[in-house]
Structure formats: C-alpha cells, structure tokens
Amino acid sequence: MKPSLILINPWIYDFAAYDLWSKPLGLLYLAAFLRNCGFQIYLIDCLDAHHPLMIGDPSIKRPKRRLYGTGKYWRKEIPKPPPLKDIPRPYSIYGISRRVFEEELRSIQRPAAILVTSLMTYWYPGAIEVIALAKKNHPGVPVILGGIYARLCNDLATRNSGADSVSTLTDPASLLRVLEDHDVHAPGPLLDSGPPPYPAFDLLGKIEYVCLLTSTGCPFRCPYCVSHFLNPQMSRRDPAEVLDEILYWHRNFGVRDFAFYDDALLISSDTHLAILLEGIERLRLDLRFHTPNALHVREVTADVATLMRRSGFRTIRLGLETSDFSLHRNFGDKVAEGDFERAVNNLLRTGFTRDQIGVYILIGLPGQSVDSVMATVDFVDRVSATPYLSEYSPIPHTPLWEKAEGYSRYDLSEPLFHNNTLLPCWGEAQLAELPRLKKRVLEIKEKYR
Ligand code: SF4
C-alpha cells in the first residue's frame, strides 16, 4: 500500500474574509508533486464552501456564493483572542466546523505525515488549531508546517505552532528531505504517468475556478510588498504550457473561470502573456479570466487591452496606490503621470465597463494622510474606474517594516496586530475619517451599479 499524506489548508480567523478566487495554490502544487512521487494524498480544505457534510447539516446557514466562483465562507463568530479583546468588531472562524474537520481527519487511516500550510501572518491561530487537532486525532504522526506565516515568522512559528517541523523551503523537492528527517520516504522516483503536474485542484470537493501562475516574482521593489522576499528571482513559464493547463481544466473538469495569481502578469507581455492570450482567442472557448492581483497600469497598452478583452477577461484590478505622483518614487516608481488615465482609456475603448475596472488604492500607510486617499478616490472616479480601498498590512521582511513598527498603535511582534482591518499604522485622527472615506467609495460604486 502507498504511504499516505494529509495536506491541510487551515481555517481563517479574522474580522472579515471573502473568497475572491482564494485557493492554497502552493499546497495544491505540493499535492501534485507528492502524488507524482507515489504518495497517496488526502487534502482537507477547511475553507471548502461546498463541503457535503456541512451542506447536510440543516442547522448551519449556507454561505452565499456569487459570480465566477467567488463568495462567502462558512462562518462562526468566536471570542476574540486576548490581544484583540478591545477591538469593537465581531471576530470569526471561517470555514467548515471543527466537527466536520475532525470527522475528515478520522476517516483517513494513519498517514505517514501531515502537512499544514499557512497564509497571512495574522491567521496563525487557524494553523495552530489545525495542528493541535491533527495531533489529537493522529497521535505520533509527524506534523509539518509550511507556507507564508512559517516563512515570515519562522521563530514564532517554531516556538508556538506545535508542529514537529516548521519548513521555510519553497522547492517541493526539498520537502522530501524534511519528510525523510521524519523517516517518511517517497515510494519511488517521480512518476512519468498519471495526471500532469498542475496544482491538484482535482483534490478539492468542487472546482469552481482555477488559479493560474504563469510567472513568479516581480521586477519592482515596492516597500510595503513582500514579493521580493518570497520570490527573489523572476521566472516565467512557457505560454504554451500555461495554455495546455487551461485546456486541461476546461476539457476535463468543465472549468470556465481562471484567476491569475502572478505578481507581474503584464511585464514583457509581448513575449509572454500576449502569446498565451492569442492562443486562447484562437480557440474561442468562452472562458473568463480574472486578475485579483493588481496589474501594472503602465503595461496596459491598447494592444494588451484588446487582447484581454477578446480572450475573455472579466475582472480587472489595477494597482494605482495613490494619485500623488511624488509618492510613487517611494512606491517603486512604477506609475508615472498619465499612465493611469491611458490604461483606463485603453480598457474602456475595448469595451470593458467601469465596474469591471477596479483600482486598488492603498490606505493606512505610515504617515499617509486621509486627504491624499480621498484625492485618489476622486481621481479614480474622474478617470471612470471603480476605487477599491486596499488596507495596508505591515509585513515582516519588507522594507517598510521598521517604519511601520515606529508608527503602529500596537506591538507588531504579535502577528495578530498585522491585521489590515486594524489599520495599525494609522492614528486615531485618521481612523475617525475612515467612515467618510468608505462612504465616498460606496457612493461611487452605487452610482454606476
Ligand atoms: S509591483 Fe506589486 S508585486 Fe511588485 S513589488 Fe510592487 S506591490 Fe509587490
């Protein structure tokens, strides 16, 4: 019998959470790799909004799902962890119930190891809870924590997570060595047959959409962003291989919605994305594409906008951050005056509507004024796009980290205070203006709905 591994995507603990094409892509890549190494893989996705055991329970309200596979998660309000006790907002666990999670765990015969991923630093309580329950239900089985929290807060995770190992490795092949340290050995060399090594979305209960990564890394160095720490080198896949992946999911699983996870999707598009989109356009498959990660506005040329329109893009998000162009020098110098208007005009001219063109505006940066955010919101409205406030979360290992620590109302050595809902780097005066900012954004959205 093949040795088995359980891979777990933990719950989210937060004030708010929404599935905007959010899937644990790293974990799904790992699952595919380990499956090809001959392991039997079981995936437990705590964020599964369609879990049959949850749907079968009439006492639980089903989460509303929305367009293109996005939507709400199961949610249960819980007491706030002590550091957050004075925050006047409800706090919840998002995902399947603990009962269902434990039933899933127990339904799998003793695995060789359990691998747990992690994402936002301030969601670590979900990982800790999962690890504790994994150990309770499978005593003696090694539990390994990886993912972004494990990389960004490695010391803390090593001390507090309860995992037997905390891995900062990114290369799936190196994980085999971690498993060997726990006496878990891959059954054989990489298999050439079997499913292609695409992230194992087929292990999810229902595939509403697939997340695509055509490249990793980003050539910019925005001081608030952790992309460079997580992916120091840029690398790109062959567009033909990405097209094969899209066709694989569409033809075998009927998937029509695809979300790009790239940090720099449009960079050098004539040798990369344009080739992929031309291939998609030729096939006329009625697919829909979404870019929840911001696109670089400078790269949205008339040609790129036309290709995006023709190949089926439905949701566009642009990264503007601020309309104060003197500040852009500090933000990586990726937007110059006139770039944004040009990008939006190119998109509008090809037929995108303003509600399809969302623009991320950063809010809550250390030293940022409310007036500059309001000016940016109005600027986006004038240019005929839709503003989205993107709350700044201080992230360890970013260039802005020390400044953030200096401005923060909280001690950022506790990751719960990295939560963007708290806007930790804004003072009371700025926070008092938050409802006014949100109201203005809402008015603009309502006006064009
Ligand atoms: S352009 Fe985007 S991904 Fe690249 S460093 Fe800046 S914020 Fe990060």
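Remember, predicted model here, so these are calculated numbers, not experimental data.

Draft legend 1. View of the packing of aromatic side chains. Counted according to the given criterion, the structure contains 15 aromatic pairs. Ring plane angle 15° and centroid distance 5.5 Å describe the contact between Tyr124 and Tyr149, whose orientation is recorded as stacked. With a gap of 25 residues between them, Tyr124 in helix 4 (residues 124-137) and Tyr149 in helix 5 (residues 148-152) connect regions that are remote in the sequence. The two residues Tyr124 and Tyr149 agree in class, both being buried. Each ring, one from Phe260 and one from Phe289, has its centre 5.7 Å from the other, and the planes form 25°; the classification is stacked. Of this pair, Phe260 sits in strand 12 (residues 257-260) while Phe289 is found in strand 13 (residues 288-290), placing the two residues 29 residues apart along the sequence. Phe289 gets classed as buried once you look at its relative accessible area, which sits at 0%. Grouped by ring-pair contacts, the aromatic residues Tyr198, Phe201, Tyr248, Trp249 and Phe253 constitute a single cluster. Of note, Arg98 hangs over the ring of Trp11, and the distance from its end group to the ring centre comes to 5.9 Å. The side chain of Arg317 reaches across the aromatic face of Tyr388, ending 4.2 Å from its centre.

Draft legend 2. Quick peek at the sheet that holds strand 4 (residues 75-78). Taken together, the three strands give an open sheet; going across it, the order is 2-5-4, and neighbouring strands pair in antiparallel fashion. The open sheet is flanked by strand 2 (12-14) and strand 4, the only strands paired with a single partner. On average, adjacent strands in this sheet sit at an angle of 25° to one another, irrespective of strand direction.

Draft legend 3. Examining a positive patch on the surface more closely. Side chains of Lys61, Lys64, Arg66, Lys72 and Arg75 sit close together on the surface and give a patch of like positive charge. Following the sequence through the fold, Arg75 ends up in strand 4. For Arg75, a relative accessible area of 52% translates into the label exposed.

Draft legend 4. Here's a closer look at helix 11 (residues 302-311). Looking only at helix 11, the buried set comprises Val304, Ala305, Leu307, Met308 and Ser311. Here the buried residues of helix 11 occupy an arc of 165° about the axis, which is enough to place them on one side. Counted as exposed and oriented over 90 degrees from the buried face of helix 11: Asp303 and Arg310. Buried residues in helix 11 make contact with helix 10 (273-283), strand 13, strand 14 (295-296), strand 15 (313-321) and helix 12 (339-349). Of the residues one or two after helix 11, Gly312 is the one with positive phi, at around 110°.

Draft legend 5. Fine view of unusual backbone geometry. Even without being glycine, Asp286 reaches a positive phi, approximately 60°. The class of Asp286 is partly exposed, set by a relative accessible area of 48%. Even without being a glycine, Leu423 presents a positive backbone phi close to 40°. Tracing the chain through its elements places Leu423 in the loop between helix 14 (401-407) and helix 15 (428-432).

Draft legend 6. Representation of the packing of helix 1 (residues 25-36) against helix 7 (residues 172-181) in the model. Where helix 1 contacts helix 7, the axes come no closer than 10 Å and their chain directions differ by 65°. Taken together, the axes of helix 1 and helix 7 lie roughly perpendicular to each other. The handedness of the crossing between helix 1 and helix 7 is right-handed. Here helix 1 contributes Leu30, Phe33 and Leu34 to the contact with helix 7, which in turn contributes Pro172, Ala173, Leu175, Leu176 and Leu179. Its residues placed into classes, the contact of helix 1 with helix 7 shows eight nonpolar, no polar and no charged.

Draft legend 7. Looking closely at the pattern of salt bridges. For the structure on display, the rule yields 26 salt bridges. A salt bridge links Asp381 to Lys447; the nearest nitrogen and oxygen atoms lie 3.3 Å apart. Of the two residues, Asp381 sits in helix 13 (residues 370-382) while Lys447 sits in helix 16 (residues 434-447), which places them 66 residues apart along the sequence. The exposure class assigned to Lys447 is partly exposed, which follows from its relative accessible area of 48%. Across the pair Glu428 and Arg409 runs a salt bridge whose closest N-O atoms are separated by 3.9 Å. Of this pair, Glu428 sits in helix 15 while Arg409 sits in the loop between helix 14 and helix 15; the two residues are 19 residues apart in sequence, bridging distant segments of the chain. Classification of Arg409 as partly exposed rests on a relative accessible area of 28%. Several salt bridges share partner residues, and in doing so they unite Arg354, Asp378, Asp381, Lys439, Arg440, Glu443 and Lys447 into one network.

What counts, and at which threshold
- Numbers given to residues run from 1 along each chain, matching the order in which its sequence is written.
- Where totals are concerned, whole chains, interfaces and linings use all residues; where local detail is concerned, this predicted model gives features only for residues with pLDDT of at least 70, and gives and counts side-chain atom pairs only at 80 or more.
- Hydrogens are left out, water is left out, and the side-chain values use all remaining heavy atoms of the structure.
- To pair, rings of Phe, Tyr and Trp, with the six-membered ring standing in for Trp, must have centres within 6.5 Å; the planes then decide the type, stacked if under 30 degrees apart, edge-to-face if over 60, and tilted in the middle.
- Numbering of helices and strands starts at the N terminus; helices are DSSP runs of H or I of at least 4 residues and strands are runs of E of at least 2.
- When a residue's accessible area, from a 1.4 Å probe over protein chains only, is under 20% of the maximum for its type it is buried; when over 50% it is exposed; and in between it is partly exposed.
- As a reminder, the over-ring test applies to NZ of lysine and CZ of arginine, requiring each to be within 6 Å of the ring centre and within 35 degrees of the ring normal.
- Each pair of strands is called paired provided DSSP finds at least two bridges between the two strands.
- Working convention: axes come from line fits to C-alpha atoms, limited for helices to the stretch in contact. Angles between N-to-C directions cover 0 to 180 degrees.
- For patch detection, residues must exceed 30% relative accessible area and be free of salt bridges, and they are connected within 9 Å for like charges or within 5 Å for nonpolar side chains (Val, Leu, Ile, Met, Phe, Trp, Tyr).
- Working definition of accessibility: Shrake-Rupley area with a 1.4 Å probe, residue cover restricted to the visible protein chains.
- Take a side-chain nitrogen of Lys or Arg and a carboxyl oxygen of Asp or Glu: if they are within 4 Å of each other, that pair is a salt bridge.
- Note that His is not counted, nor are the chain ends; the positive residues are Lys and Arg, and the negative ones are Asp and Glu.
- For this purpose, a charge sits on NZ of Lys, CZ of Arg, CG of Asp or CD of Glu.
- When we speak of the arc, we mean the arc of directions from the helix axis to the C-beta atoms.
- Contact criterion: two residues are considered in contact whenever any of their non-hydrogen atoms come within 4.5 Å of each other.
- Here the angle decides the label: under 35 degrees means roughly parallel, over 145 means roughly antiparallel, 65 to 115 means roughly perpendicular, and every other value means oblique.
- Helix crossings are classified by the rotation of the near helix relative to the far one: an anticlockwise turn of less than a right angle makes the crossing left-handed, while a clockwise turn makes it right-handed.
- In the scheme used here, Gly and all other residues not listed as nonpolar or charged are polar, with Ala, Val, Leu, Ile, Met, Phe, Trp, Tyr, Cys and Pro taken as nonpolar and Asp, Glu, Lys and Arg as charged.

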